[in-house]
Amino acid sequence: MEPSNPSITANTAHSINPTDVVKKVMLYVGAYGLDKGKALFERASELIGFLPWWENEVKNEITMNGLEKAKERWRVLCEMFMDEDW
């Protein structure tokens, strides 16, 4: 994800880059599953959701794109396992 407003690519007071937050949440979803990824996202929202770029640069990117893509990947994987003869 490229930030839509280059002037807010990183908050130097907190040294947090919104692009990094999105990548880390999505990596966590891929590694530990959707439920734990959502829990991490909610906790991050509690801790850093006050930052001015949170809504547009992180929250919308994850909820509108990232989690939906993750749900689709998990659905496909589950269907693949259901089709297999175990």
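Rules used throughout
- Residues numbered from 1 in each chain as written.
- Predicted model: local features only at pLDDT ≥ 70, side-chain atom pairs only at ≥ 80, totals over all residues.
- Heavy atoms only, no water.
- Helix = DSSP H or I, 4+ residues; strand = E, 2+ residues; numbered from the N terminus.
- Buried < 20%, exposed > 50% of the residue type's maximum accessible area, 1.4 Å probe, protein only.
- Expected span 1.5 Å × (residues − 1).
- Arc of directions from axis to C-beta.
- Axes fitted to C-alpha atoms, helices over the stretch in contact; angles between N-to-C directions.
- Parallel < 35°, antiparallel > 145°, perpendicular 65-115°, else oblique.
- Left-handed = near helix turned anticlockwise from the far one by under 90°.
- Contact = heavy atoms within 4.5 Å.
- Nonpolar A, V, L, I, M, F, W, Y, C, P; charged D, E, K, R; others polar.

Caption draft 1: Region of the structure containing the overall build of the chain. Scanning the chain for helices and strands turns up 3 helices and 0 strands. Listed N to C, the secondary structure of the chain is α-α-α in terms of helices and strands. A total of 86 residues make up the chain; the buried ones form 28% of that total.

Caption draft 2: How the structure looks around helix 2 (residues 34–48). Compared with the 21 Å implied by 1.5 Å per residue over 15 residues, the 21 Å span of helix 2 between its first and last C-alpha is a close match. L34, G37, F41, A44 and I48 are the residues of helix 2 that are buried. Along the axis of helix 2, the buried positions cluster into a sector of 85 degrees, meaning they face one direction only. Exposed residues pointing more than 90 degrees away from the buried face of helix 2 are listed as D35 and E46.

Caption draft 3: Structural detail: the packing of helix 1 (residues 18–32) against helix 2. Their axes nearest at 7 Å, the elements helix 1 and helix 2 cross at an angle of 155 degrees. Relative to helix 2, the element helix 1 is oriented roughly antiparallel. Here the hand of the crossing between helix 1 and helix 2 comes out right-handed. Contact with helix 1, carried on its side by V21, V25, Y28, V29 and Y32, involves L34, K36, G37, L40, F41 and I48 of helix 2 and no other residues of that element. Class assignment for the residues of the contact of helix 1 with helix 2 results in 9 nonpolar, 1 polar and 1 charged.

Caption draft 4: Spotlight on the environment of F41. In this structure, F41 sits in helix 2. By relative accessible area, which is 8% here, F41 ends up buried. Linking F41 and Y28, residues 13 residues apart in sequence, is a C-alpha distance of 9.5 Å. Beyond its immediate sequence surroundings of up to four residues, F41 is in contact with V25, W54, K59, I62 and T63.

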